[in-house]
Amino acid sequence: MTAAMPGFRLVTPRSLAEALAARAADPLARFLAGGTDLLPAMARGLVEPETLIDIGMIAELAGIAVDGDRLRIGAATTLARLQADALVARHAPVLASAAATVAGPQHRTAATVGGNLCLDTRCVFYNQSQWWRRANGFCLKREGTVCHVAPTGTRCHAAFSGDLAPAAMVLDASVEIAGPGGRRIAKLCELYRDDGAAPLCLGDEELLVALHVPAASGWIADYAKSRVRGAIDFPLAGVAVALRRSGDTLAGLRVALTGTGSRPFRLAGTDAEIGHGVDDAALERLDKLVQKQVSPMRSTMTPAHYRRRVAAALTRRLVRRLFAEAAQPPMRGGGATAPQSEMKP
Amino acid sequence: MTGSARDHAIGRRLPLIDGPEKVTGAARYTADIAAPDALVGRILRSPHAHAEIVEVDVAAARALPGVAAVVTGADCDQTYGVLPIAMNEYPLARGRVRYRGEPVAAVAAVDAATAERAIGLIRFTARELPAYFSADAARAPGATPLHAGSPNNIQREVHHEFGDVTAGFAAAKLVREATYRCAEVTHAHIEPHAALARWDGERGQLTLWTVSQVPYYVHLMLARCLGVAESRIRVVKPFVGGGFGARTETLNFELVAALLARAANGAVKVELSREETALTHRGRPETEVRLKLGMAENGRVTAAACEVVQRGGAYAGYGIVTVLYAGALLHAIYDIAAVRYDGYRVYTNTPPCGAMRGHGTVNVRHAFECLMDEMAEALGLDPFAVRRANLLAAPCTTPNGAIVNSCGLAECLDRVERASAWRERRRQPAPGRGLGMACSHYVSGAAKPVHWTGEPHAVVNLKLDFDGSVTLLTGAADIGQGSSTVLAQVAAEVLGIAVERIRVIANDSAVTPKDNGSYSSRVTFMVGNAALDAAQKLRRRLIEAAARLLDADPAIVECGDEVFRVPGGQHEGLAFDAVVRAALGEAGPITTSGSFTVPVAYQGGKQRGGAVGATMGYSYAAQVVEVAVDQETGAIAVERVWVAHDCGRALNPLSVEGQVQGSVWMGMGQALSEETRYEDGLPLAANLLDYRVPTIQESPPIDVQIVESVDPNGPFGAKEAGEGSLAGFMPALANAVADAIGVRFLELPITPDKVLEALAKRRRELRLAAARGAA
Amino acid sequence: MKSILRLVLNGRTREDAVSDRSTLLDYLRAVAGLTGTKQGCDGGECGACTVLLDDAPVLACLTLARRCEGKRVETIEGLAPGGRLSRLQRAFHERLGTQCGFCTPGMIMASEALLRRNRNPSDAAIRDALSGNLCRCTGYVKIIESVKTSAAAEP
Ligand SMILES: Cc1cc2nc3c(=O)[nH]c(=O)nc-3n(C[C@H](O)[C@H](O)[C@H](O)COP(=O)(O)OP(=O)(O)OC[C@H]3O[C@@H](n4cnc5c(N)ncnc54)[C@H](O)[C@@H]3O)c2cc1C
Ligand code: SF4
Ligand code: FES
Ligand code: FES
């Protein structure tokens, strides 16, 4: 039933090139970062790699540094480090506040930025033991032919449930990707696609190297998460908001969501609010926008309609609060919602 | 006995005597026991909810190198179960499987990987039968019976009526009825199930180490299922990581481990995964409670009528007792003259339910305290006033024949009302914040044991030896509740010695006397009384020896602080060791045996099933819960809890606090987040991520007030402390939520989605009403 | 595949042959024979297996043993070296921060990690630090008390 951990080989490359070579050499290899998502999945037979490539010893994937007009966060940076890092606190505190909501402290000691961004999607019919899934006839995402969430459909609706992605999205972050063909930079939003069975637009042999966060003068941002318990739980819905205020109106507004569908995404249509104040009518419009664009399905114990509503509620609340805070002079010492200062090399 | 100004062993905030082992990692739990030669046991479980077994082909598994034994239903044709009148479960399914996860076959192999491979090689063929996942579906006309003899899948119906219920309702100023639904919950003890079995082929003897709360039952069932004499079996309970009722019954994996060990002629360790632990279940059933109360203008309850339907799962287990308890514990908390109860225990194709902390009373108490609150509001009465209008006057006998000798509920009410500043706070309502209260009670041990042998209900042995140490031998299982500590305290108090002088050895059937185990909060009361008896006998021997040395009348010799003396006498007193030497001089080491039996008068009313719910001492509790409801997200935050618990004399106030806090908090889990759920019989939450045991983040401060009503029959006046306050939490919370947002929830758990849904519904209704008003 | 793992376990350097797939929990319990660290779930959900890796709290069940190469691992057994309870252990014992004791090793190690960073934690900091550790017995009230008592006690 629960299984002894399946057999695999562990390799520990010291450079990016070695890691990519190891990946190319074995089509059944997987990159291992913190392992807090991959190892439980392996224990349940959800992933059966023959080789694990430990990417924790690669210098290029480590560290947080200001690089020109952006913050560069190595993919192997742990969430605990993200929470405590001074540069992050100064330039992108929303990442720290999102990281603080992930799982529990022990997970965050090990869990990494890359692993969080590349998290597998989740579903109550999927994150179960081999015995359980077999008894249930498996499902589309793996080994089966039907989806128990939407039996008439042809795709998997498992939910992307990482907390970091929306926070990085409202900062307009990009990811640096290395692969057999070299390096590329992609907008974080473009890393994801709306398919629970294959949620990442990342080649099998590609590796996330770093997260790039551009300077964002005058923006203020935060992350809010809905979950049943005060810790451990994945988001039922997670909302990140970044906004800029000019006088009594919005000068910029970005909203991104997680947990409400198979991919994290930037809410479309928020630009329409620019130039307006944040009053009840504006919040109502945003509420509608969120409810329309999220697509939660019956993939959690908690009903989908709640996830839709609470996503909208958190958005309203966060926009209202940040707009009010943006009117105040910047606080000393940062804090999750402190306005971000300009980055200088 | 305790008059003098000496140090007392009871009434002290004594840390657990086995605490040092627990905080250093030295405590050995079943999975920790070193057995390098042990084979690894694994269990094949049914993927079907209800099916006829066609074939279990184990040939390939048996042939796999490294496999030492494979067993199936063919290896044991004996049923087992906790109630002698309702044993209908096999260790490994025979004929039929009745729930997804039911054990079908098991393997012992040299390592886990081999055992798992062997499990994968077993071919299990079965023919599906109609399966039922709700009590309604199982009871519907034409449903296929799960068990012969239960045509409508009703395992047991109970119909009790005491007093004139019709007249009671007629006399009421207000009559209300409501139906409450409580989701199934489970124990979720943090230690997963495990057992280690060792078969001695040479002697034909078995030793089993297991996580049991009642090793005695396991012993009986091992003998029955293995067909081995009880004398050839030894059951040992190492440290146990929580039980909460799950481990009261003998569980299938314990028997399977033994069957495997015998088949392999060696040792087999079976460690269940968290998922398997959840499948083994025995938790609190999904329950529908239809309750009708009549209330007079002053809040007095004139009559109660209650119908309870429990979705019991696939086997009998404790079912009959659970459904009887639910009715019996409508009584003995308030003074209600007319009570009707109709209870139905239903078989379904889900893992069997059983006993869980607050066994039987919890969901019914929830309904009762919620409806009482609602009716108080309707009559313009304060919730406290309504409870006070219905207090029992102990001593008394309830309509169903239970005897209540002590009741501190009135004081509990006073204490929490004051501690929570109830009156001031209720007068200043804040938006989204609310205060609610409720009461609850529980038994201090079932008056009649499940196995009616005529033997004493509890036995404790004490051994005093040349080294001056006292060894207390008990079969009562300490599962973290601190029973060994309390027994040591009782014995030390009687003997006038330091607790540290007493060593407790518990739960090794080769050494310790039989005990009926740790369930229904019986240990402090019953085993405590047996310890008291044993200690008194030992004390007598020591006093006699001391009297001889002091040349005094034994009647006036006392022992305190380990010194024997004649109060007011010339002699400075004799040290304990000196008296021990004198006492042992005659016949060597002294062993005394103490026992306790509940007198027949306390064993309940004459009605069928009347023994269930009867006890010698009821505990009482009242609590106030403060909540903040986030009306945008529907999240309920419990800000604070004040609880007062009447446990009679608190033998160890530290322990009492810990037990009460744990109970209240477990009620919080059931109220807010915990729920097993099945998808066609497959558990969706058989893990600790989806089964939402509260984390430290949302767990509130819990202020405990101890009320000591001092029971005439409890050891030093003590009653139970480990269960009684659980049942009050959920209704107190629901009442607090009603106070905060004006919505009364009829379903547990009250999750944020239900709150948002209800708020949206109310907004719609208000809009509609306004529109109607405008028209 | 097995290879030699060298680490410092509770202050002592050890070398053991360990297979690639061994978790730190397997290693501690089965190879090193230290059963104080518990397994309470099927992976990552309960915190019972918490140990310190270079002073930081990690879940032994989600840590591959081989990744501890050259590091310091501390378990509950390492906290009372002279046979005397550490301050934190004593506080858990005396304040009843432990009932059945099964969550206790993990709870104490997570608390130890906190106290090494923060000698005087607030209630909120204690809650944060222990939010990955489930306990089914205590309702956490006396666990918080235990950590606070230990923090307040003279060194
Ligand atoms: C009980 C529990 C609760 C949890 N709660 C939350 C929660 O609330 N919020 C949340 O966001 N997560 C949660 N998680 C999931 C997980 O702990 C985190 O998401 C964590 O950040 C994953 O990072 P990791 O480094 O451990 O990933 P790993 O497990 O190492 O990897 C995850 C996946 O990403 C791939 N990967 C890792 N790094 C890279 C890279 N650089 N390039 C390409 N692919 C890569 C891996 O191959 C793997 O497929 C929880 C996990 C558990 C067990
Ligand atoms: S959404 Fe459907 S296909 Fe995807 S994991 Fe869940 S059940 Fe499987
Ligand atoms: S054993 Fe539960 S988190 Fe490691
Ligand atoms: S003390 Fe039992 S789980 Fe915490």
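For clarity, every value in this text was computed on a predicted model and none was experimentally measured. Along each chain, the written sequence defines residue order, and numbers are assigned to residues from 1. Written order determines the labels here, with chains lettered from A and ligands numbered from 1. Owing to the predicted nature of the model, reporting of local features is limited to residues with pLDDT of at least 70; listing and counting of side-chain atom pairs is limited to 80 or more, with chain, interface and lining totals taken over all residues. To obtain the side-chain values, all non-hydrogen atoms of the structure were included, while hydrogens and water were left out.

(A) Quick look at the site of ligand 1. The nearness test applies per residue and asks whether one of its heavy atoms lies within 4 Å of the molecule or strand. Of all residues adjacent to ligand 1, which total 34 residues, the nearest are A:Phe31, A:Gly34, A:Thr36, A:Thr112 and A:Asp163. Those chains with residues close to ligand 1 are chains A, B and C. Distance and chemistry together define a polar contact, namely a pair of N or O atoms within 3.5 Å, with one atom able to donate a hydrogen and the other to accept it when in protein, and with adjacent residues in sequence counting only for side-chain atoms on both sides. In this structure, an oxygen atom belonging to ligand 1 sits 2.6 Å away from a side-chain N or O atom of A:Thr112. Separating a nitrogen atom of ligand 1 from a backbone N or O atom of A:Ile232 is a distance of 3.1 Å. Only the protein chains shown count as covering a residue, and every accessible area follows the Shrake-Rupley method with a 1.4 Å probe. In isolation ligand 1 offers 970 Å² of accessible surface; the protein chains occlude 96% of this area. For the shell around ligand 1, the secondary structure elements donating two or more residues are strand S2 (29-32), helix H7 (113-117) and strand S8 (207-214) of chain A. Of the residues that constitute the shell around ligand 1, the class distribution is 17 nonpolar, twelve polar and five charged. An automatic or database domain assignment provides the domain bounds reported here. The two domains that each donate at least three residues to the shell around ligand 1 are domain 1 (9-56) and domain 2 (62-118 + 159-325) of chain A. In DSSP terms, a helix is any run of H or I states spanning at least four residues, a strand is any run of E spanning at least two, and both are numbered starting from the N terminus. Ten residues, namely Ala, Val, Leu, Ile, Met, Phe, Trp, Tyr, Cys and Pro, are considered nonpolar, four, namely Asp, Glu, Lys and Arg, are considered charged, and the remaining ones, Gly among them, are considered polar.

(B) Unusual backbone geometry, seen in detail. Residue and element names in this part refer to chain B. With omega at 0 degrees, the peptide bond leading from Ala394 into Pro395 counts as cis. Cis peptide bonds are those with omega within 30 degrees of zero, and the linkage from Leu748 to Pro749 qualifies with -5 degrees. With respect to the helices and strands, Pro749 occurs in the loop between strand S31 (747-748) and helix H19 (752-774). One non-glycine residue, Asp551, adopts positive backbone phi at about 55 degrees. With respect to the element layout, Asp551 can be found in the loop between helix H15 (523-550) and strand S22 (558-560).

(C) Main features of the interface of chain A and chain B. Listed per partner, the contact involves 34 residues of chain A and 39 residues of chain B. Note on chain A versus chain B: buried area summed over both sides is about 3,300 Å², and carbon and sulfur give 57% of it. Across the contact surface, chain A and chain B share 15 residue pairs in polar contact (both at pLDDT 80 or more). Elements supplying a minimum of two residues to the side of chain A that touches chain B: helix H8 (130-135) and helix H11 (304-326) of chain A. Here the side of chain A that touches chain B takes nine residues from H11(A), the largest share from any one element. Tallied by class, the residues present in the side of chain A that touches chain B amount to 18 nonpolar, seven polar and nine charged. Working rule for contacts: check all heavy atoms of both residues, and any pair within 4.5 Å makes them a contact. In short, buried area is how much 1.4 Å probe accessible area vanishes from two parts on joining, totalled over both.

(D) Spatial organisation of the domain arrangement of chain A. Residues and elements named next belong to chain A. When cut into domains, chain A gives domain 1 (9-56) and domain 2 (62-118 + 159-325). Listed per partner, the contact involves ten residues of domain 1 and 13 residues of domain 2. Where domain 1 abuts domain 2, roughly 970 Å² becomes buried across the two surfaces, and 72% of that area is made up of carbon and sulfur atoms. The working definition used for a salt bridge is a side-chain nitrogen of Lys or Arg within 4 Å of a carboxyl oxygen of Asp or Glu. Taken together, domain 1 and domain 2 are joined by zero salt bridges. At the boundary of domain 1 and domain 2, one finds one residue pair in polar contact (both at pLDDT 80 or more). The element best represented in the side of domain 1 that touches domain 2 is helix H1 (residues 16-25), accounting for five residues. Its residues placed into classes, the side of domain 1 that touches domain 2 shows seven nonpolar, two polar and one charged.

(E) Quick look at the site of ligand 2. Around ligand 2, a shell composed of A:Cys123, A:Phe125, A:Tyr126, A:Cys139, A:Leu140, A:Lys141, A:Cys147, A:His148, A:Val149, A:Cys156, A:His157 and A:Ala158 is seen. Here the residues of the shell around ligand 2 are counted per class, giving nine nonpolar, two polar and one charged.

(F) The arrangement of the pairing of strand S3 (residues 67-72) of chain B in detail. All names here are of chain B. When you tally the buried positions in S3, you get five out of six residues, the bulk of the element. When S3 meets strand S5 (residues 103-109), the two strands line up antiparallel, connected through five bridges. If you follow Val67 over to S5, its bridge partner there is Ala109. Burial status follows relative accessibility: with a 1.4 Å probe on protein chains alone, a residue under 20% of its type maximum counts as buried, one over 50% as exposed, and anything between as partly exposed. Whether two strands pair depends on DSSP finding at least two bridges between them.

(G) Just helix H18 (residues 726-741) of chain B, in detail. Residue and element names in this part refer to chain B. The length a helix should cover is 1.5 Å for every residue beyond the first. An ideal rise of 1.5 Å per residue puts 22 Å on 16 residues; H18 measures up with 24 Å between its terminal C-alpha atoms. Across the 16 residues of H18, 15 count as buried, placing the element largely inside the fold. Note on H18: the residue one or two positions beyond its end, Gly742, has a positive phi of about 75 degrees.

(H) Looking closely at the sheet that holds strand S20 (residues 470-474) of chain B. Residues and elements named next belong to chain B. Within the open sheet, the four strands sit side by side as S21-S20-S19-S25. Their pairing is mixed. Since the sheet does not close on itself, it has two edges, and those belong to strand S21 (502-506) and strand S25 (590-596), each with one partner. Direction aside, the axes of adjacent strands within the sheet are offset by 20 degrees on average. Axis definition: a line fit to C-alpha positions, over the contact stretch in the case of helices; interaxial angles, taken between N-to-C directions, run 0 to 180 degrees. The strands touched by helix H14 (residues 483-495) are S20 and S21; relative to S21, the strand with the most contacts, the crossing angle is about 140 degrees.

(I) View of the interface of chain B and chain C. In this complex, chain B contributes 54 residues to the contact, which on the side of chain C involves 42 residues. Between chain B and chain C the total buried area reaches about 3,900 Å² when both faces are included, carbon and sulfur atoms providing 60% of it. Together, B:Val23, B:Ile190 and B:Ile696 form the three largest contributors to the area buried by chain B at its contact with chain C, with a combined 21%. Counting across the chain B and chain C interface gives four salt bridges. C:Lys38 serves as the salt-bridge partner of B:Asp32, at 2.5 Å between the closest nitrogen and oxygen. Where chain B packs against chain C, one counts 23 residue pairs in polar contact (both at pLDDT 80 or more). Breaking the side of chain B that touches chain C down by element, the ones donating at least two residues are helix H1 (19-24), helix H8 (274-280) and helix H17 (653-672) of chain B. The element that contributes the greatest number of residues to the side of chain B that touches chain C is H17(B), accounting for nine residues. Within the side of chain B that touches chain C, the residues separate by chemical class into 26 nonpolar, 19 polar and nine charged.

(J) How the structure looks around the environment of B:Thr166. Residues and elements named next belong to chain B. Take Thr166: it is sitting in helix H5 (residues 165-170). For Thr166, a relative accessible area of 58% corresponds to the exposed category. Sequence-wise, Thr166 and Ala338 are 172 residues apart; in three dimensions their C-alpha atoms are separated by 8.4 Å.

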